[in-house]
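Structural overview for review
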Amino acid sequence: ATQTAPDLDNNVLNSPWGEIKVGDETLTEYVFSDYELWADKPSVTCGSSGRSYQYGMLRMMVERCAMGLIGHMRLSPGERIGLILPNIPEFAALIHGAIRAGLVVTFANPLYTAEEVRKQFTDCDVKAIGTIEMYMPLAQEVSKSLKDYKGTIWVGGEDDKTNGIFGLRSLLMADHKADLPKLNCEDVCLLPYSSGTTGMPKGVMLTHKNLVSNLKQIQCPKMMKYKGEKGHGDVILTVPPFFHIYGFNAVLNYNLTLGYHVVSMPKFTPDDYIKCLVEYKPTTLFVVPSLLAFLATHPLVKKEHLVSVETIMVGAAPTTDSLLEKFLLKCEKTKDEIKLLQGYGMTESSPVTLMTPYIYPFNKIGSVGQLVPSTQARVISLTTGVSLGSHKSGELCLRGPQVMKGYLNNEKATLETMDSDGWLHTGDVTYYDDDHYFYIVDRTKELIKVKGNQVSPTEIENVITELPEVADVAVVGVPDALAGELPKAFVVLKPNNKLTEKQIYDFVAQKLTRYKHLEGGVAFLQTIPRNAAGKIMRNELKVLGSKNNKI
Ligand code: 4UV
């Protein structure tokens, strides 16, 4: 059954799920608030090596890591630490250790190029990096550009003081007593990067309060009804990276708070994923649409592999009804036997704002759900800006305690994204039905989503502009069945200059990580369509791009 009609005042929607008590704990306090109840149970297990820590051990590692960062590495509260780590159990120890120490954490995709990491880490003035052996050359290369650098933490390695390297193990074992600072829940503790509605990736300032509020919002026992209980014995298999807000807060922290067993995969391969399904018999899978497509369509995935699965949480990019239905056919389960829940959110909102409640009617398949507790929405007309009623599409605006403090050192972008009444303008086009279930139908912002990963067109355009032959360029996303979207470049060459599509593709490939490569193609134009204000008319290019995918 659907919920009773929520308050509706001037087309401002309130959550039908009421209010939460806004978080006044710090993130690490909240995530480990009940750990003693399951201290001997596994917390995070590496799906490929089997390496695993019990909750009691993880909690101790967090505390010792915090002391090591302060007492041994001489980092000070408020300073920034950058993590270049895949989904391994030590991620949880290091990130919560740093947050407990009062440091502000930024994380980067380990597959980024040195240039991409350098941009991010210099932008927020990183003083220490945590990484594993495989990415040590990347970390050391980036660290050369960082001011007053205090050292690299090597997860799985030993001290090498001459090179400023601290082995994580010796950091944890070091005999020192540091006074850990008293933290304020209004302080920023996380700086994930997001391009938001326009431009280059920016540091998103999230406070303890933002992140804890969001955990409470998605742990609302009414909305998730059956799973109010903690320590339920659930086993989670997750691929979404912990270095993205979805993987970090909505997956890792969400499940650690509840005492569940998180099986993480440092690298996705079909064989390893199926091996984990068989070995760990997960009850819940956290996926992005392209991973759901893998489960639904890959010949190696059999229905026997999915027998233990009760719930699948899918988010980070649009999912189609036909994909959800294909998946149900594959596992031969009904919608009541396996819950396909969707979550919608943004880095700027910690991330979750909309979620399908655990019990929802079948005709709502394809909806991203309802407002989580303590969250309000307005859908505003793209032409007039007025708030619209049900069944009318417009830009989704959101307000709640999970919304960021702003972008780091970028007041202009903050003001463009958050208005004076605290509404976050998402750049997503949506409508809601009479039961206040939301449907995402389009995106007005420039952002491209490739397999759930953010791709900023501006970032690719800036790279292509470095080519001396190029007069003008615009990058847009074109639809792709598997990845969702792929970046495609439209390039105007200077008169009498020559470049091939391949030269442009290769140039971008040298500078940016794999999922930002121009897999949607390169096309040459005489001019880039711009409006009177000089803004690229991306919609025209999108139409051109999808009609003519392989120009
Ligand atoms: O900033 P970001 O990279 O953030 C995310 C967040 C993913 C989440 C959030 C809550 C969940 O419960 C969950 O399962 C996953 O990806 O990108 C934000 C943009 O991604 C698109 C939309 O354009 C956002 O502005 N997006 C995120 N989730 C969805 C989506 C969705 N369910 N359906 C359609 N688009």
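In this text, all values refer to a predicted model and were calculated from it rather than measured experimentally.

1. Side note on the nonpolar core
- In this structure, Tyr273 and Ile464 are the most contacted members of the largest nonpolar core, which totals 172 residues.
- Not counting the four nearest positions on each side in its chain, Ile464 is found in contact with Val470, Val473, Val475, Ala489, Val491, Ile504, Val508 and Leu518.
- Ala474, Phe490, Ala523 and Leu541 belong to the second largest nonpolar core, which has eight residues in total.

2. Here we look at the pattern of salt bridges
- Here the structure, examined in full by the defined rule, presents 27 salt bridges.
- Arg443 is the salt-bridge partner of Asp428, the closest N and O atoms lying 3.9 Å from each other. Note that Asp428 is positioned in strand β23 (residues 424-432) and Arg443 in strand β24 (residues 438-443), a separation of 15 residues in sequence. The pair Asp428 / Arg443 is uniform in exposure class, with both members buried.
- One salt bridge connects Lys445 with Asp428, and the closest N-O pair in it is separated by 3.9 Å.

3. Considerations on the packing of helix α9 (residues 270-280) against helix α10 (residues 289-297)
- Relative orientation of the contacting elements α9 and α10 amounts to 75 degrees, with a least axis distance of 12 Å. Judged by the inter-axis angle, α9 sits roughly perpendicular to α10. Contacts from Pro270, Tyr273, Ile274 and Leu277 of α9 reach α10 at Leu291, Phe294 and Leu295.

4. Topic: the packing of helix α7 (residues 208-218) against helix α8 (residues 245-258)
- With their axes 10 Å apart at the nearest point, α7 and α8 run at an angle of 65 degrees to one another. Relative to α8, the crossing made by α7 is right-handed. On α8, the residues that touch Leu211, Asn214, Leu215 and Ile218 of α7 are Ile245, Asn249, Ala250, Asn253, Tyr254 and Thr257.
- Across the contact of α7 with α8, the residue classes break down as six nonpolar, four polar and no charged.

5. Details of the side chain of Arg538
- Within the fold, Arg538 resides in helix α15 (residues 538-547).
- Ignoring sequence-local partners within four residues, the contact set of Arg538 consists of Glu446, Pro457, Glu461, Val475 and Val476.

6. Some remarks on the site of the ligand
- Around the ligand, a shell composed of 21 residues is seen, among which His244, Thr347, Asp428, Lys445 and Lys449 lie nearest.
- The separation between an oxygen atom of the ligand and a polar side-chain atom of Arg443 is 3.0 Å.
- Notes on the ligand: free accessible area 670 Å², of which the protein chains cover 99%.
- Those elements that provide at least two residues to the shell around the ligand are β16 (311-315) and β17 (339-345).
- The element that contributes the greatest number of residues to the shell around the ligand is β17, accounting for four residues.
- Tallied by class, residues from the shell around the ligand come to ten nonpolar, seven polar and four charged.

Reading guide: rules and limits
Residues numbered from 1 in each chain as written. Predicted model: local features only at pLDDT ≥ 70, side-chain atom pairs only at ≥ 80, totals over all residues. Heavy atoms only, no water. Core = buried A, V, L, I, M, F, W, Y, C linked by side-chain atoms within 4.5 Å. Buried < 20%, exposed > 50% of the residue type's maximum accessible area, 1.4 Å probe, protein only. Contact = heavy atoms within 4.5 Å. Salt bridge = Lys/Arg side-chain N within 4 Å of Asp/Glu carboxyl O. Helix = DSSP H or I, 4+ residues; strand = E, 2+ residues; numbered from the N terminus. Axes fitted to C-alpha atoms, helices over the stretch in contact; angles between N-to-C directions. Parallel < 35°, antiparallel > 145°, perpendicular 65-115°, else oblique. Left-handed = near helix turned anticlockwise from the far one by under 90°. Nonpolar A, V, L, I, M, F, W, Y, C, P; charged D, E, K, R; others polar. Near = heavy atom within 4 Å. Polar contact = N/O pair within 3.5 Å; in protein donor to acceptor, adjacent residues only side chain to side chain. Areas by Shrake-Rupley, 256 points an atom, 1.4 Å probe, with all protein chains shown as cover.

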